[in-house]
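# Report on the structure
Read off the chains here:
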Amino acid sequence: MVKAEGISGLTKLFREALNGMDDGGNLLFVGSEAVCPPFAQLLAYAVRDRDMRFGFCPKAVWEKSRTMSWVEGAGFQIGKEPFEPGEADVIVLLGGLAMPKFGCPVEDVKAILSQIPRHKLVIAVGFMDAFRKAGWNTSLHFDVLIDGYMSAELL
């Protein structure tokens, strides 16, 4: 187990999770709508120097996968252009998927993973133990699980 603090710690751990992968691959973020895109954008930014293509797939619905592109002055954005999930070398599952109010059934995620046989790595990135609380860590294989905790103060 490795621990790191803050947003920079999260992005550092994500970069390290990709250490064994070649530059220039295709990375697909799979997450819930609205809740997960900001995290996909942040994590894509963290590995922007890896010359990767990024896509976002809402709620594991293959046909809704879209390309993420760099927009000057705004960072990575999810666009209207389709992204082909079957070309993903790395799949990043975001914790919103496992949340009953925002996510989807684990079976939907299993189905999309089974349709991407060429993927070499599955990384799960969640907060507050979302994957384990939902039991997804025993239903799915994660090569890497990054679990963050947050606290906030109103001053």
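All of these numbers come straight from a predicted model, not from anything done at the bench.

Scoring rules and cut-offs
- Residues numbered from 1 in each chain as written.
- Predicted model: local features only at pLDDT ≥ 70, side-chain atom pairs only at ≥ 80, totals over all residues.
- Heavy atoms only, no water.
- Helix = DSSP H or I, 4+ residues; strand = E, 2+ residues; numbered from the N terminus.
- Buried < 20%, exposed > 50% of the residue type's maximum accessible area, 1.4 Å probe, protein only.
- 1 Å grid on protein atoms, 1.4 Å probe; cavity = no way out; pocket = protein on both sides within 12 Å on 5 of 7 lines; lining within 4 Å.
- Points joined across faces, edges and corners; volume = space filled by probe spheres on them.
- Nonpolar A, V, L, I, M, F, W, Y, C, P; charged D, E, K, R; others polar.

## Quick notes on unusual backbone geometry
You will see that alanine 34, though not glycine, has its phi angle at about 70 degrees, which is positive. Locating alanine 34 in the fold gives a position in the loop between strand E1 (26–31) and helix H2 (37–46). According to the relative accessible area criterion, alanine 34 is exposed, its value standing at 65%. Positive phi, close to 65 degrees, is recorded for aspartate 129, a residue that is not glycine.

## Comments concerning the layout of surface pockets
Taken as a whole, the largest pocket spans an internal volume of roughly 640 Å³. Looking at the lining of the largest pocket, the elements that each hand over two or more residues are helix H1 (6–17) and strand E7 (144–148). Its residues placed into classes, the lining of the largest pocket shows 12 nonpolar, 3 polar and 4 charged.

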